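# Per-entry structural report
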Amino acid sequence: MTGRRRAVPDTSPRVWQRMLSGRRLDLMDPSPLDIEIADIAHGLARVARWNGQTRGAHIFSVAQHTLLVEAVMREQRPRVDTRFRLAALLHDAPEYVIGDMISPFKAVLGGDYKAVEKRLLSAIHIRFSLPPVLPDEMTQQIKEADRGAAYLEATQLAGFSQAEAKCLFGSDPGLPLSTQEDYLTPWTAAKAEKRLLARFATLCP
């Protein structure tokens, strides 16, 4: 008689994350079908910008940052297509899985991080009916709005001088003071999640 073969345990590294929605997202080969806006909003509301080195009673979350970027784009380009406002809102969406790494650390890691980030962003775009890769002009416009948001965050929350921030991020985007007061007062995670979902519903009904 021959003995039963023992099952060989799978020793390959796990490359997927289970979401609260029940989805299982493969980081190496992300499927648009495994992406849910509820997971994105929940995750981004709990990821801190600036490695948490910001003023306020709460973290300044990536969810709040994405809303600020979209507000800057609305101010700078009021006639921009709604789809590209949605793209601005989702520009950092991969960070619900991979976290928000500050730019100096991304430079240390090199290309592997960017490759994973790009695959995730393409899958997210497809999930929400955006082009997998945005036109260069639109990518540049989102980057400009992102830099404008970063300038405001740096000077009002992260302890940068105006001269430092101008050197690193460019100029003040000129948002109305009431908008600045709202978007640059760190929210609770629950509020950031709720507002991101609400804005998404407006842009992607």
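The coordinates are above.
This structure is a prediction, so every number in the text was calculated from the model and none was measured. (Residues numbered from 1 in each chain as written. Predicted model: local features only at pLDDT ≥ 70, side-chain atom pairs only at ≥ 80, totals over all residues. Heavy atoms only, no water.)

Moving on to the packing of aromatic side chains. Tallied over the entire structure, the rule returns five aromatic pairs. Taking 5.0 Å as the distance between ring centres and 70° as the angle between the ring planes, the aromatic pair formed by F128 and F200 counts as edge-to-face. Of the two residues, F128 is situated in the loop between α6 (111–127) and α7 (136–156) and F200 in helix α10 (residues 189–203); the sequence distance between them amounts to 72 residues. Of the two residues examined, F128 and F200, each falls in the buried class. For the pair Y183 and W187, a centre-to-centre distance of 6.0 Å together with 50° between the ring planes defines the contact as tilted. The burial state of Y183 is the same as that of W187; both residues are buried. (Phe/Tyr/Trp six-rings, centres within 6.5 Å; stacked < 30°, edge-to-face > 60°. Helix = DSSP H or I, 4+ residues; strand = E, 2+ residues; numbered from the N terminus. Buried < 20%, exposed > 50% of the residue type's maximum accessible area, 1.4 Å probe, protein only.)

For the rest of this paragraph, the subject is the side chain of D92. One can find D92 in the loop between α3 (82–89) and α4 (95–98). Comment: no salt bridge for buried D92; closest opposite-charge side chain is R49, at 4.3 Å. A polar contact is formed between the side chain of D92 and the side chain of H65, at a distance of 3.3 Å. With near-sequence residues (within four places) excluded, D92 lies in contact with L44, R49, V62, H65 and T66. (Lys, Arg positive; Asp, Glu negative; His and termini not counted. Salt bridge = Lys/Arg side-chain N within 4 Å of Asp/Glu carboxyl O. Polar contact = N/O pair within 3.5 Å; in protein donor to acceptor, adjacent residues only side chain to side chain. Contact = heavy atoms within 4.5 Å.)

Let us now look at helix α2 (residues 62–76). Here α2 is 15 residues long and its end C-alpha atoms lie 21 Å apart, about the 21 Å a rise of 1.5 Å per residue gives. Buried residues of α2: V62, A63, Q64, H65, T66, L67, L68, V69, E70, A71, V72 and M73, and no others. Buried positions along α2 lie against α1 (37–44), α3, α4, α7, α9 (177–183) and α10. (Expected span 1.5 Å × (residues − 1).)

The next thing to look at is the environment of R18. Position of R18 among the secondary structure elements: in strand β1 (residues 16–18). R18 sits 79 residues away from V97 along the chain, and the two C-alpha atoms are 9.9 Å apart. Filtering out sequence-adjacent residues up to four positions away, R18 remains in contact with R23 and R24. A polar contact of 3.2 Å, which involves the side chain of R18, links it to the backbone oxygen of G22.

The terminal C-alpha atoms of α10, which comprises 15 residues, lie 21 Å apart, in line with the 21 Å expected from a rise of 1.5 Å per residue. Within α10 the residues assigned to the buried category are A192, E193, L196, R199, F200 and L203. One side of α10 holds all its buried residues, which, seen down the axis, span an arc of 135°. More than 90 degrees from the buried face of α10, the exposed residues found are A190, K194 and T202. The inward-facing, buried residues of α10 abut α1, α2 and α3. (Arc of directions from axis to C-beta.)

The next subject is the side chain of Q64. Tracing the backbone shows Q64 in helix α2. A residue is classified by how much of its surface remains accessible, and Q64, at 0% relative accessible area, is buried. A distance of 3.0 Å separates a polar side-chain atom of Q64 from the backbone nitrogen of W187. Once residues lying within four places of it in the same chain are set aside, the contact partners of Q64 are D182, Y183, L184, T185, P186 and W187.

Before going further, it helps to spend a moment on unusual backbone geometry. One non-glycine residue with positive phi stands out, namely W50, at about 60°. For W50, a relative accessible area of 15% gives the class buried. Despite not being glycine, N51 has its phi angle at roughly 55°, a positive value. Relative to the helices and strands, N51 is located in the loop between α1 and α2.

Taken by themselves, the reported measurements are silent on function.
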